[in-house]
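Okay, here's what each chain looks like letter by letter:
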Amino acid sequence: MTTLRQRMIELLREEELDALDLSQILSIREKEVYEHLPHIAKSVAAAGETLVIHPYVCLNCEYTFKERSRFNRPGRCPRCREGHIRMATYIIR
Ligand SMILES: [Zn+2]
C-alpha cells in the first residue's frame, strides 16, 4: 500500500495525470485511485508540497467543479445536467 502510494507520488511529481492515467499505469481500478488521492494530498502536504488539482470541467457549459471535496467523478453537471465531464488532473508541486 505504502509502495503504491509512493509510486503515485513519484508519477505525479513527474507529470500531470488524471485518475484513468494512474489506474492504467499502476494496474489498479479507477475507484482505488480516488481512495489513495486524499492520503497522497496529506502526505505531500506534510513534506511541504501540494497536490495541485485541476478540477473536473463540464464539456457542455464549462462549469468547473472547483468546490468539489471528493475526488471521484461527478455524474452530471449541476448547471446544465449534461454528463460529459472532462477528467480532473493532478500534479505535485
Ligand atoms: Zn454543464
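Residues numbered from 1 in each chain as written. Predicted model: local features only at pLDDT ≥ 70, side-chain atom pairs only at ≥ 80, totals over all residues. Heavy atoms only, no water.

Observations concerning the coordination of the zinc ion
Keep this limit in mind: For Na, K and Ca the donor cut-off is 3.2 Å; for every other metal, N, O and S atoms count as donors within 2.8 Å. Water does not enter the count, which can leave sites looking incomplete.
The zinc ion binds to the protein through Cys58 (SG), Cys61 (SG), Cys77 (SG) and Cys80 (SG), with metal-donor distances spanning 2.3 to 2.4 Å. Sequence spacing of the donors to the zinc ion: C-x2-C-x15-C-x2-C.

Side note on unusual backbone geometry
Keep this limit in mind: Numbering of helices and strands starts at the N terminus; helices are DSSP runs of H or I of at least 4 residues and strands are runs of E of at least 2.
Of note, the phi angle at glutamate 62 is positive, near 70°, even though the residue is not glycine. Here glutamate 62 lies in the loop between β3 (57-58) and β4 (85-86).

Structural notes on the packing of aromatic side chains
Put simply, the test is: For this analysis, a ring pair means two rings from Phe, Tyr or Trp (six-membered ring only for Trp) whose centres lie within 6.5 Å, classed as stacked if their planes differ by under 30 degrees, edge-to-face if by over 60, and tilted for the remaining angles. The buried label applies to any residue whose accessible area, calculated with a 1.4 Å probe on protein chains only, is under 20% of its type's maximum; exposed applies above 50%, and partly exposed to all values in between.
Overall, the coordinates contain two aromatic pairs when judged by the stated rule. Centre to centre, the rings of phenylalanine 71 and tyrosine 90 are 5.9 Å apart; their planes meet at 50°, and the pair counts as tilted. With a gap of 19 residues between them, phenylalanine 71 in the loop between β3 and β4 and tyrosine 90 in strand β5 (residues 89-92) connect regions that are remote in the sequence. For the pair formed by phenylalanine 71 and tyrosine 90, the shared burial category is buried.

A short note on the packing of helix α2 (residues 19-26) against helix α3 (residues 30-46)
For any two helices packed against each other, the geometry comes down to the angle between their axes and how far apart the axes lie. As a reminder, the rule being used: To get an axis, fit a line to the C-alpha atoms, keeping to the stretch in contact for a helix; angles then go from 0 to 180 degrees between the N-to-C directions. An angle below 35 degrees is treated as roughly parallel, one above 145 as roughly antiparallel, one from 65 to 115 as roughly perpendicular, and anything else as oblique. Should any heavy atoms of two residues lie within 4.5 Å, those residues are counted as being in contact. For this scheme, ten residues count as nonpolar: Ala, Val, Leu, Ile, Met, Phe, Trp, Tyr, Cys and Pro. Four count as charged, namely Asp, Glu, Lys and Arg, and the remainder, Gly too, count as polar.
The N-to-C vectors of α2 and α3 enclose an angle of 105°; their axes lie 8 Å apart at closest approach. Viewed along their axes, α2 and α3 adopt a mutual orientation that is roughly perpendicular. In contact with Ala19, Leu20, Leu22 and Ser23 of α2, α3 contributes Glu30, Val33 and Tyr34. Its residues assigned to classes, the contact of α2 with α3 comprises five nonpolar, one polar and one charged.

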